[in-house]
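Read off the chains here:
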Amino acid sequence: MPSDPSFSQHSAHSLRDGQRPESNEVGQHALLLEGITCSFPSRLPGAAPYTAISDVELRVGEGEFVAVVGPTGCGKSTLLN
(Lines give C-alpha, C1' and ligand atoms only; values in the text may rest on other atoms or scores of the structure.)
Protein backbone atom coordinates (compact mmCIF):
# COMPACT_ATOMS: atom_id res chain seq x y z
CA MET A 1 0.00 0.00 0.00
CA PRO A 2 1.39 3.43 -0.91
CA SER A 3 2.74 5.62 1.85
CA ASP A 4 0.56 8.54 0.70
CA PRO A 5 -1.80 9.19 3.66
CA SER A 6 -4.62 10.20 1.30
CA PHE A 7 -4.49 6.78 -0.45
CA SER A 8 -7.32 5.27 1.56
CA GLN A 9 -9.39 8.44 1.75
CA HIS A 10 -10.84 9.82 -1.52
CA SER A 11 -14.37 10.16 -2.89
CA ALA A 12 -15.93 7.67 -5.31
CA HIS A 13 -15.78 9.20 -8.79
CA SER A 14 -14.80 7.73 -12.13
CA LEU A 15 -11.71 9.56 -13.36
CA ARG A 16 -10.07 8.81 -16.70
CA ASP A 17 -7.01 9.82 -18.71
CA GLY A 18 -4.78 10.90 -15.85
CA GLN A 19 -7.36 13.07 -14.08
CA ARG A 20 -6.80 13.54 -10.36
CA PRO A 21 -9.44 14.09 -7.64
CA GLU A 22 -10.36 17.69 -6.98
CA SER A 23 -8.75 19.10 -3.85
CA ASN A 24 -12.12 19.08 -2.03
CA GLU A 25 -12.44 15.31 -2.72
CA VAL A 26 -9.26 14.32 -0.89
CA GLY A 27 -10.03 12.63 2.42
CA GLN A 28 -13.34 11.11 1.31
CA HIS A 29 -12.31 7.67 -0.09
CA ALA A 30 -12.33 4.50 1.93
CA LEU A 31 -10.62 2.68 -0.96
CA LEU A 32 -8.77 4.00 -4.00
CA LEU A 33 -7.31 1.88 -6.80
CA GLU A 34 -5.74 3.71 -9.74
CA GLY A 35 -4.12 2.35 -12.89
CA ILE A 36 -4.11 -1.27 -11.71
CA THR A 37 -2.78 -3.68 -14.36
CA CYS A 38 -1.89 -7.33 -13.80
CA SER A 39 -0.30 -9.58 -16.43
CA PHE A 40 0.83 -13.18 -16.21
CA PRO A 41 3.46 -14.96 -18.33
CA SER A 42 2.03 -17.21 -21.00
CA ARG A 43 2.21 -20.96 -20.47
CA LEU A 44 3.09 -21.32 -24.16
CA PRO A 45 6.69 -20.66 -25.19
CA GLY A 46 7.02 -17.43 -27.15
CA ALA A 47 3.41 -16.35 -26.59
CA ALA A 48 2.55 -12.89 -25.31
CA PRO A 49 1.74 -12.45 -21.61
CA TYR A 50 -1.92 -12.68 -20.56
CA THR A 51 -3.25 -9.40 -19.18
CA ALA A 52 -5.93 -10.22 -16.62
CA ILE A 53 -6.86 -6.61 -15.84
CA SER A 54 -5.67 -3.39 -17.44
CA ASP A 55 -5.66 0.19 -16.14
CA VAL A 56 -8.48 -0.34 -13.61
CA GLU A 57 -9.80 2.61 -11.60
CA LEU A 58 -11.95 2.02 -8.50
CA ARG A 59 -12.95 4.58 -5.91
CA VAL A 60 -15.14 3.67 -2.96
CA GLY A 61 -16.40 6.36 -0.62
CA GLU A 62 -16.76 5.99 3.11
CA GLY A 63 -20.00 4.19 3.97
CA GLU A 64 -20.55 2.89 0.43
CA PHE A 65 -21.33 -0.77 -0.22
CA VAL A 66 -19.65 -2.18 -3.33
CA ALA A 67 -19.82 -5.59 -4.97
CA VAL A 68 -17.35 -6.71 -7.62
CA VAL A 69 -19.28 -9.02 -9.94
CA GLY A 70 -18.63 -10.68 -13.28
CA PRO A 71 -18.22 -14.01 -14.99
CA THR A 72 -15.63 -16.58 -14.00
CA GLY A 73 -12.15 -15.53 -15.08
CA CYS A 74 -12.86 -11.84 -15.60
CA GLY A 75 -10.30 -10.64 -13.00
CA LYS A 76 -12.36 -10.04 -9.84
CA SER A 77 -10.00 -11.90 -7.51
CA THR A 78 -6.95 -10.61 -9.34
CA LEU A 79 -8.12 -7.05 -8.72
CA LEU A 80 -8.79 -7.63 -5.02
CA ASN A 81 -5.54 -9.55 -4.44
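Attention now goes to the pattern of salt bridges. Per the counting criterion, the structure on display carries two salt bridges. The partner of Arg59 in a salt bridge is Glu34, and the shortest N-O contact between them spans 2.6 Å. Here Arg59 is found in strand E2 (residues 50-61), whereas its partner Glu34 is found in strand E1 (residues 29-40), with 25 residues between them in sequence. What makes Arg59 buried here is its relative accessible area of 7%. For Glu34, a relative accessible area of 27% gives the class partly exposed. For Glu57, the salt bridge identified is with Arg59, shortest N-O distance 3.4 Å. Taken together, the shared-partner salt bridges in this structure form one network comprising Glu34, Glu57 and Arg59.

Our next topic: the nonpolar core. Soluble globular proteins tend to bury their nonpolar side chains together. In terms of nonpolar packing, the biggest core is built from five residues, these being Leu33, Ile53, Leu58, Val60 and Leu79. No other element matches the three residues that E2 contributes to this core. Look past the residues within four positions of Leu79 in its chain and what remains in contact with it is Leu33, Ile36, Ile53 and Val56.

About the thresholds
- Residues numbered from 1 in each chain as written.
- Predicted model: local features only at pLDDT ≥ 70, side-chain atom pairs only at ≥ 80, totals over all residues.
- Heavy atoms only, no water.
- Salt bridge = Lys/Arg side-chain N within 4 Å of Asp/Glu carboxyl O.
- Helix = DSSP H or I, 4+ residues; strand = E, 2+ residues; numbered from the N terminus.
- Buried < 20%, exposed > 50% of the residue type's maximum accessible area, 1.4 Å probe, protein only.
- Core = buried A, V, L, I, M, F, W, Y, C linked by side-chain atoms within 4.5 Å.
- Contact = heavy atoms within 4.5 Å.

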